[in-house]
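Residue strings, one per chain:
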Amino acid sequence: MKREPVALASLPVQLEVAIRHATADDIRRLEWGGEFWRLRKHFENAYREQQAGRRLLLVADLNGYPVGRLFLQIARGNPIFADGSSRAYLYAFHVMEALRGCGSGGALVNTAEGLLRERGFEWVTIAVEKTNEGALRLYRRLGYEVFRED
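All values derive from a computational prediction rather than experimental measurement.

### Comments concerning the pattern of salt bridges
Logical step 1: On inspection of all chains with the given rule, the structure shows 7 salt bridges.
Logical step 2: With its nearest N and O atoms 2.4 Å apart, the salt bridge here joins Arg 40 to Glu 31.
Logical step 3: A relative accessible area of 5% means that Glu 31 is categorised as buried.

### Notes on the packing of aromatic side chains
Logical step 1: The full count for this structure, using the stated rule, is 6 aromatic pairs.
Logical step 2: With centroids separated by 5.6 Å and ring planes inclined at 85°, the aromatic side chains of Phe 71 and Tyr 91 adopt a geometry described as edge-to-face. Within this pair, whereas Phe 71 is found in strand β3 (residues 65-73), its partner Tyr 91 is found in strand β4 (residues 87-95), the two being separated by 20 residues in sequence. Across this residue pair, the class does not change: Phe 71 and Tyr 91 are buried.
Logical step 3: Taken together, the ring pairs connect Phe 43, Phe 71, Tyr 89 and Tyr 91 into an aromatic cluster.

### A closer look at the pairing of strand β5 (residues 123-126)
Logical step 1: Across 4 bridges, the pairing between β4 and β5 is parallel. What sits directly across from Tyr 89, in β5, is Thr 125.
Logical step 2: You can see the chain leave β4, run along helix α3 (residues 104-118) and come back into β5, and the turn it takes is right-handed.

### Section: the pairing of strand β2 (residues 55-62)
Logical step 1: Buried residues dominate β2, accounting for 8 of its 8 residues.
Logical step 2: Both β2 and β3 contribute to a ladder of 8 bridges, which runs antiparallel. Across the sheet, residue Leu 56 finds its bridge partner in β3, namely Leu 72.
Logical step 3: What sits between the antiparallel neighbours β2 and β3 is a turn of 2 residues, in which Asn 63 has the positive phi angle 55°.

The rules behind each value
- Residues numbered from 1 in each chain as written.
- Predicted model: local features only at pLDDT ≥ 70, side-chain atom pairs only at ≥ 80, totals over all residues.
- Heavy atoms only, no water.
- Salt bridge = Lys/Arg side-chain N within 4 Å of Asp/Glu carboxyl O.
- Buried < 20%, exposed > 50% of the residue type's maximum accessible area, 1.4 Å probe, protein only.
- Phe/Tyr/Trp six-rings, centres within 6.5 Å; stacked < 30°, edge-to-face > 60°.
- Helix = DSSP H or I, 4+ residues; strand = E, 2+ residues; numbered from the N terminus.
- Pairing = 2+ DSSP bridges.
- Right-handed = clockwise from strand over helix to strand, strands pointing away.

Below you can see the structure in the form of structure tokens.
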């Protein structure tokens, strides 16, 4: 028989999360204690692309630690997703599970959109699995619509 945990005390906690560009020091920390170690090469490559001006890497920072991430492809790639001038692609979007629903994800997307507007981009695309209900709710709430199924 499984027993549900009973709270002995509760307290409100307010966290200040800052959205910023990723730094070289963030790359290993984005593995989140080994949870995403398989993506290290991907993160390193994306960071090099940011240094070359072809991508942007945003992190949600809590006390110097990246607790969320969102990468932006701004250079030409697959023209459906990113054409380098008017259409950009958001990807590798993830917020630590314990901090979901606190606004960090929306802040990452809103910040990304603002940076893209400053650069003259008119369209933003993002991919999501049909079964990822939480992400779908967030994207719909932010005004995104399905334009293609793959």
